[in-house]
Amino acid sequence: MHDAISILPLKVEDLGFQVSGNRLLDGVSFILTKGGITTIIGHNGAGKSLTLRLCHGLLMPSSGAVKWHDERAPQTGTHGTHKRHAMVFQRPVMLRRSAKANITHALSALGIPDIATKADFALARFGLSDLAERPARLMSGGEQQRLAIARAWALSPEVLFLDEPSSHLDPGATRQIEAIVTSLVAEGMTILMTTHDLGQARRLSNRILFFNKGRLVEDAPAEKFFSSPQTPEARAFIVGDLLW
Amino acid sequence: MIISLDPQFLQIVGLSLRVTLTALLLAALIGLPLGALLAVSRFPGRTAVIILFNGLMGLPPVVAGLIVFLLLSRSGPLGGLGWLFSPTAMVMAQTLLVLPIVISLARSTIEELWSEYREHLMSLELTGRRAIPTLLWDGRFALATGLLAGFGRATAEVGAVLIVGGNIAGYTRTMTTSIALETSKGDLPLALGLGIVLIALTLTINAAAYGASRVGARFAG
């Protein structure tokens, strides 16, 4: 799938982020290796989405660093070398264009050739061919999220960041998105996602990063995390207690 | 008179449309990119610039006319071009009138769109001015409404074209200047005929603006 040198592992080193004196993220370190689904869980404001944004280069860290293995993978986005990591947002941003044009726009923005063919292929891959000419913003929530994933997938990223991919979807659409995520990993994509939904984290994850109040509290294989959490915060989170 | 399509009458309507549409085109070519740039840029004094253009939306047409008159008058900086009392001068004056409207409306439309699209476009490495083509295209229906507002202002104004055009029969006489002149001369039928055309034009513009927003809603959801 990728002929270039891998951009993984991703090393997140002592990452911190603060806004006007408020520490939103503090001393977060982890290494993301190739393959599988790593899920960041934690309460609102724990720093889940923030971590994805910092990794994707949408925000600059206040301290620490996000280091991709391959130096050619730009961290902040430089035109010319296109990023090999893509991100799907919690509320998918749909351009005021057709579904297909949403994909061709992303491809041409990054200077990728064969945009029409690649867009058709991506639409077909995610079962959206019939909706190709539909204005993207008139599609249902589930279809929009699938389109957002198709749009990111068309860029053939090595790493995909998914921010709460199904937080606003009904159970049926959620199931669809989960099946898609599983199939992407089977294709060799590496996924770092966040979720509010503990059930979803259990169903999908290979590895859990549990955040609490801007700190990475626990980093463990999913099975181990759910069966024997090491910290009181994680234990409380799993049983559904609120941490104050 | 409208039905008999009097040549003098047609000439006046034709010139009015030509001048206003040219001014609108120029204002769009300059104002849309400039407004979009203002929307995505952050620099010291930005707020002052925004307030300035918002304020200029209310620029009195006679003042716009006066500015262009001073520029083009024999002793003015552009006097050598000999454009005073010509349709070109009228286009300049109307462009000056419409430009702040186009810039301000483009700025507010694009700013709103930018806040919605920002993260996605940043993810695609479209930041700063590289985001402008996407934003202008996606804001096309709202921007069309803004342009129609500018068109409405230009067709209705009389002061600017009167000052720099001179209301010369068969050359720089527009619908509004004719109405003013013919009414004071007492030729009410011509004034009234032109008035009806102006009203019809205004209604058409409003219908087009409404249509643009409806079509836009189909895409915007």
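## Re the overall build of chain B
Moving on, step 1. For chain B, the count of helices and strands is nine helices and zero strands.
Moving on, step 2. Reading chain B from its N end, one meets helices and strands in the order α-α-α-α-α-α-α-α-α.
Moving on, step 3. Each of the three principal axes of chain B carries a C-alpha extent, and together these read 65 × 45 × 25 Å.
Moving on, step 4. Counting over 221 residues, chain B shows a buried share of 39%.

## Observations regarding the sheet that holds strand β5 (residues 85-88) of chain A
Residue and element names in this part refer to chain A.
Moving on, step 1. In spatial order, the strands read β5-β6-β7-β3-β8-β9; together these six strands make up an open sheet with mixed pairing. Pairing within the sheet leaves two strands with one partner each, and these edge strands are β5 and β9 (215-221). Neighbour-to-neighbour, the strand axes of the sheet open up by a mean angle of 15°, direction not taken into account.
Moving on, step 2. Most of the contacts of helix α5 (residues 171-186) go to strand β7 (residues 190-194), to which it runs at about 150°, and overall it touches β3 (37-41), β6 (159-163) and β7.

## Regarding the environment of E164(A)
Residues and elements named next belong to chain A.
Moving on, step 1. Along the chain, the position of E164 falls in the loop between β6 and α5.
Moving on, step 2. Separated by 75 residues in the primary sequence, E164 and F89 have C-alpha atoms spaced 7.4 Å apart.
Moving on, step 3. Those residues in contact with E164 that lie beyond four places of it in its chain are Q90, T194, T195 and H196.

## Things to note about the sheet that holds strand β2 (residues 22-32) of chain A
Residue and element names in this part refer to chain A.
Moving on, step 1. Here three strands make up an open sheet; going across it, the order is β2-β1-β4 and the pairing antiparallel. Each having just a single partner strand, β2 and β4 (63-68) make up the two edges of the open sheet. For this sheet the average axis-to-axis angle between neighbouring strands, irrespective of direction, equals 20°.
Moving on, step 2. Relative to β2, strand β1 (residues 10-19) runs antiparallel, the two sharing seven bridges. Bridge assignment links V12 to a residue of β2, and that residue is F30.

## Here we look at the nonpolar core
Here is a general trend for soluble globular proteins: nonpolar side chains tend to be buried in one another's company.
Moving on, step 1. Grouped together as the largest cluster of nonpolar side chains are 126 residues, with contacts concentrated most on A150(A), A152(A), A154(A), A93(B), V98(B), V102(B) and V164(B).
Moving on, step 2. Broken down by element, this core gets its largest block of residues, 19 residues, from helix α4 (residues 87-123) of chain B.

## Brief notes about unusual backbone geometry
Moving on, step 1. Look at S156(A): it is not a glycine, yet its phi comes out positive at around 40°.
Moving on, step 2. By secondary structure assignment, the location of S156(A) is in the loop between α4 (141-153) and β6.
Moving on, step 3. C-beta crowding within 10 Å serves as the criterion here: with 16 such atoms nearby, S156(A) is assigned to the partly exposed category.
Moving on, step 4. Non-glycine residue F85(B) carries a positive phi angle of around 60°.
Moving on, step 5. Structurally, F85(B) can be placed in the loop between α3 (61-72) and α4.
Moving on, step 6. Exposure remark for F85(B): the 18 C-beta atoms within 10 Å place this residue in the partly exposed category.

## As for the environment of L15(B)
All names here are of chain B.
Moving on, step 1. Within the secondary structure layout, L15 lies in helix α1 (residues 7-40).
Moving on, step 2. A count of 22 C-beta atoms within 10 Å places L15 in the buried class.
Moving on, step 3. L15 sits 158 residues away from R173 along the chain, and the two C-alpha atoms are 7.6 Å apart.
Moving on, step 4. Residues contacting L15, with those up to four places away along its chain left out, are P87, R173 and T174.

## With respect to the interface of chain B and chain A
Interface size, as often reported, equals the accessible area lost upon joining of the parts.
Moving on, step 1. Counting residues at the interface gives 15 residues for chain B and 18 residues for chain A.
Moving on, step 2. Among the secondary structure elements, those contributing two or more residues to the side of chain B that touches chain A are α4, α5 (132-138) and α9 (188-220) of chain B.
Moving on, step 3. Top element by residues in the side of chain B that touches chain A is α4(B). It accounts for six residues.
Moving on, step 4. Tallied by class, the residues present in the side of chain B that touches chain A amount to six nonpolar, four polar and five charged.

## Brief notes about the pairing of β9(A)
Residues and elements named next belong to chain A.
Moving on, step 1. Relative to β9, strand β8 (residues 207-212) runs antiparallel, the two sharing six bridges. Paired with F210 across the strands is E218, a residue of β9.
Moving on, step 2. Once β8 ends, the chain turns through two residues before running back antiparallel as β9, passing K213 with a positive phi of about 50°.

## Observations regarding the confidence of the model for chain B
Moving on, step 1. Averaged over every residue, the pLDDT of chain B is 91; the share at 70 or more is 97%.
Moving on, step 2. We note a pTM of 0.86 for the whole complex and an ipTM of 0.88 for its interfaces.

## Section: the packing of helix α2 (residues 46-56) of chain B against α4(B)
All names here are of chain B.
Moving on, step 1. As a packed pair, α2 and α4 sit with axes 8 Å apart at the nearest point and diverge in direction by 130°. What the angle tells us is that α2 and α4 run oblique. The two elements α2 and α4 cross, and the hand of that crossing is left-handed. Mapping the contact onto sequence places I50, F53, N54 and L56 in α2 and P100, I103, S104 and R107 in α4.
Moving on, step 2. Tallied by class, the residues present in the contact of α2 with α4 amount to five nonpolar, two polar and one charged.

The rules behind these values
- Residues numbered from 1 in each chain as written.
- Chains lettered and ligands numbered in written order.
- Predicted model: local features only at pLDDT ≥ 70, side-chain atom pairs only at ≥ 80, totals over all residues.
- Helix = DSSP H or I, 4+ residues; strand = E, 2+ residues; numbered from the N terminus.
- Buried ≥ 20, exposed ≤ 12 C-beta atoms within 10 Å, placed from the backbone.
- Pairing = 2+ DSSP bridges.
- Axes fitted to C-alpha atoms, helices over the stretch in contact; angles between N-to-C directions.
- Contact = placed C-beta atoms within 7 Å.
- Core = buried A, V, L, I, M, F, W, Y, C linked by C-beta atoms within 7 Å.
- Nonpolar A, V, L, I, M, F, W, Y, C, P; charged D, E, K, R; others polar.
- pLDDT = per-residue confidence, 0-100.
- Parallel < 35°, antiparallel > 145°, perpendicular 65-115°, else oblique.
- Left-handed = near helix turned anticlockwise from the far one by under 90°.

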